[in-house]
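Below are the chains, spelled out letter by letter.
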Amino acid sequence: MKFSLQLAHPAVTFVLFMSVAGMTIISFHPVNIALSLFFSLVSVIIFNGKKGLKLAVFFCVPLMAITVFLNTFFNNNGVTFLFSVGNLQIMLEGLIYGLCSAGAIAATVMWFSCYSAVMSSEKFLYLFGRAAPSAALLVSLTLEQSNLMRQKLKLIDDGQHSLYGDAEKSLAQKLRLALNKVTVLLSWVMEDSIITADAMNARGFGTGKMTKMRPYIWRFADKTFFITLFVFITLCVASFFKGTIRFDFFPLLDELKPAAAEIVTYIIFFVFYSLPLLAELKEALKWRSYQSKI
Amino acid sequence: MALLSVENLNFAYAGHSQTVLKDISFRVERGEFILVCGPSGSGKTTLLRHIKPRLEPVGTKSGCVKYYGKELDRWPERETAAKIGMILQNPENQIVAQTVRHELAFGLECIGTPPNTILKRVAETVSYFGIEHLYNKKTSELSGGEKQIVATASIMTMRPDLLLLDEPASQLDPIAARSLYDLLVRMNNELGITIIMTEHRLDDIFPIARRVMLMDNGKLLCDNTPEKTAAYIGESENETLKDLLPAAPRIYLEVNKLIPQTPSETNKIDDISLPIMTRQVKPWFENAAAKYLDLTGIKEKQPKRDDGLSKSACVKKGEDKIIELKELHFKFEKQGENVIDNLSLDLNRGEFLSIVGGNGAGKTTLLRLISGILKPYSGSVKKSYPGLKISFLPQNPQSLFAHDRVIDDLKFVDDFIRSAPAVKIKKSRESKLHNRPVTENGSLDKLMEKLEIGGIIEKHPYDLSAGEMQRAAVAMLLITNPDVLLLDEPTKGLDKHSKKNLAELLTALCKEGVCVVTVTHDIEFAAEYSDCCAMLFDGKILSKEPPRSLFSDNMCYTTVAHLVADRVFEKAVTVRDVLNEWKAHSVKN
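Residues numbered from 1 in each chain as written. Chains lettered and ligands numbered in written order. Predicted model: local features only at pLDDT ≥ 70, side-chain atom pairs only at ≥ 80, totals over all residues. Heavy atoms only, no water.

With that settled, consider the overall build of chain A. In terms of regular secondary structure, chain A is built from 10 helices and two strands. Helices and strands appear in chain A in the N-to-C order α-α-α-α-β-β-α-α-α-α-α-α. Taking 2.2 N^0.38 as the reference for a compact globule, 294 residues should give roughly 19 Å; the C-alpha atoms of chain A span a radius of gyration of 25 Å, well beyond that estimate. Looking at chain A as a whole, 42% of its 294 residues qualify as buried. Intrachain contacts of chain A at a sequence separation of at least 6 include 77% that bridge at least 24 residues. When the 26 positive and 17 negative side-chain charges of chain A are each reduced to one mean point, those points stand 9 Å apart. (Helix = DSSP H or I, 4+ residues; strand = E, 2+ residues; numbered from the N terminus. Rg over C-alpha atoms; globule rule 2.2 N^0.38 Å. Buried < 20%, exposed > 50% of the residue type's maximum accessible area, 1.4 Å probe, protein only. Contact = heavy atoms within 4.5 Å. Lys, Arg positive; Asp, Glu negative; His and termini not counted. Charge placed at Lys NZ, Arg CZ, Asp CG, Glu CD.)

Below, the structure written as structure tokens:
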């Protein structure tokens, strides 16, 4: 399945996910984090399907549990005493702070998972390749190499299995053989990279300044989406500086006072975090109405 | 003006006194299609690299290479980078980018082409090559053949005049190789691109090249049309050179020697040129057979005369059987197709079995199942006794070498085997220890002597030729005293002479009782050297027969010799068979 964000200009996708992840970390406000966590969870399931759900359940939940545990038990900067376990005094502030950091970490992880679902490394390189072509190429070659290394390791395992597979080995021998495998892999990779270097040289690499192909163009839809995104980022940052989305945990928890300004801020953040989903929703609706016409 | 002229080129690698290129001179006009052939180590690759600026090897050089009358190094680097393209041997390593799209643009990016032009050139090339289906793929998803085609296309975006190819198809299967050759012929015919290539698959290339250069020991021995170079090779005294001759002209040449010559007919035997196409040799052969042979009763006589023909010859019974594959099934995914589907096969002591089959038939998977690396989904691999040792040589012998010298690798394996004489055997959930036959002192020396690898053991494994590397890898496996030796595509990248050496080695092992199993695309190799052949198709072994019976039944998936001679000698599949039959039927005067 192709997502509309996959078809968008890479700059749009990049700025979108970086800003939602960034905003989650910048403002430690319980409402902000709750919104981010909720939308990142929905997005990760939409963009990554079963894999996204697995990430949430088997990685994010344990990660959150650890963060909450550590903060509750070892962060005693607060003043509101809840109960004590042995010598440890458990404070309400620590617990709430733990919950918020856990939410922020989990949300960031899930946002990045969405990012990687729609943004290939090639798109990333396209964005930054013009500024630093050699560095971008190096990253690309390294990524490619790791792929090849995995294939080679499989073949090496096959070969080593024939030579040493069925023998009874001591621990020292096992270590020696593991080291052997690494040596085989390294010399093989080195040898091959000489050929890659030849192939690059043959095509004129290093003869001067490189240019960059532009396979992506700014469509009208990209422009409007980018402007919308930009407006929301500005509003979010402005409300952060205005103080409507700030929250102090220590020594005493701030109270959530839902005045008009705060409610407007919450709505802005609500829409902001739903932007990745709105982009897909818009596409889905458009297709539906288009389909009904044909 | 000539596109390229090489004038009195001499070259020796830095730090070596031996000259690799000796006084080489030739001219290349625009639009030529040149094959450079010769045994391994004859200097073909070195010569090609001298024509490609920036890939020129380091060493002492005299003489010069001129491109359009001007010496190569006096051209601007970017111009020659674009105008002289080079494709290397290994498809895996010459791909630079992660996506096909970027790969195609890479060369143009390097030489600073404006972005809009890049996209247009890429689009044009993709359309010409018809690789739209690959354009949006990642390069890691491509097959070897597709990678070589993308590599060729990515050179074409730079609009070269001259394309140099260094054994471009040596790592490919025959079908992929042929589509690459077709592409080259098309580029040469339609676009007038000059092509200079080296290759080992001479049977395929001789008919499409328009000029063939023969090199040996750094010297350019012959530079002429394919027909005339074939004749030169045929006349050569040197065995290594003679092995280069493709099957069709070889039959023409050898049969001609058997024909009683009368003065009126000598003009028919052209010493200076040999026909190279099967379609030329076939009618000639049939006519000559009708004229000189007594073919009465050939069809009835044949099966009795050669008992190696009966299909049951390969199915031995009793104590010879060492491995029995019983109704094997295997698949990689739960929902996936069966890669191996209800396959049953017996392996016998001292047997040389070749399993042939196309791409994706499950050949490698089968070997990995036999060797125990993979476990069958259902069915069993039954060994005749528990301590039976099976050794598997993967496609890339590189995967075995961990040291800087071959001898260090051999010694390492030897020491390991000595220090771990017990073999773990899993049998119904408990592992038992079995002792290996004790390796005698000095057995390593004996092995090296037997394999004749004394000359290469001091070298770095990566400095060896493909054939030598294969041999060194086999030596490592033999230290473990295998009862069964499995080889995955052992002839990949080997020239005919190295194949012959490998086959001699394998045959010798069979005589000692080792069961040798190769899986291969190379039907010529399978037909020529193995005792039994089996065809793997759709995960099943269709039949296990002697090569003569298997390939003589086939009409297209068979050897060149059979294609030439099938109407006369129904059962001949190798050049040797054809000549033997001819001798048996020729009228004694």
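The next subject is the interface of chain B and chain A. At the junction of the two partners, chain B supplies 67 residues and chain A supplies 56 residues. Of the roughly 5600 Å² buried between chain B and chain A on both sides combined, carbon and sulfur atoms contribute 56%. In this structure, the connection of chain B to chain A is made through four salt bridges. When the shortest N-O distance is used, the salt bridge between Glu109(B) and Lys212(A) registers 3.9 Å. Broken down by element, the residue count for the side of chain B that touches chain A peaks at nine residues, all from helix α3 (residues 100–110) of chain B. Within the side of chain B that touches chain A, the residues separate by chemical class into 34 nonpolar, 20 polar and 13 charged. (Buried area = accessible area lost by both parts, 1.4 Å probe. Salt bridge = Lys/Arg side-chain N within 4 Å of Asp/Glu carboxyl O. Nonpolar A, V, L, I, M, F, W, Y, C, P; charged D, E, K, R; others polar.)

Direction of pairing for strand β1 (residues 4–13) of chain B relative to strand β2 (residues 19–28) of chain B: antiparallel, over a ladder of six bridges. Paired with Leu9(B) across the bridge in β2(B) is Ile24(B). (Pairing = 2+ DSSP bridges.)

So, on to the environment of Leu275(A). All names here are of chain A. Within the fold, Leu275 resides in helix α10 (residues 260–293). The class of Leu275 is buried, set by a relative accessible area of 5%. The sequence separation of Leu275 and Arg219 amounts to 56 residues, and the corresponding C-alpha distance is 18 Å. If sequence neighbours within four positions are ignored, Leu275 has contacts with Leu16, Phe225, Leu229 and Phe232.

Nothing here speaks to function; it is geometry throughout.
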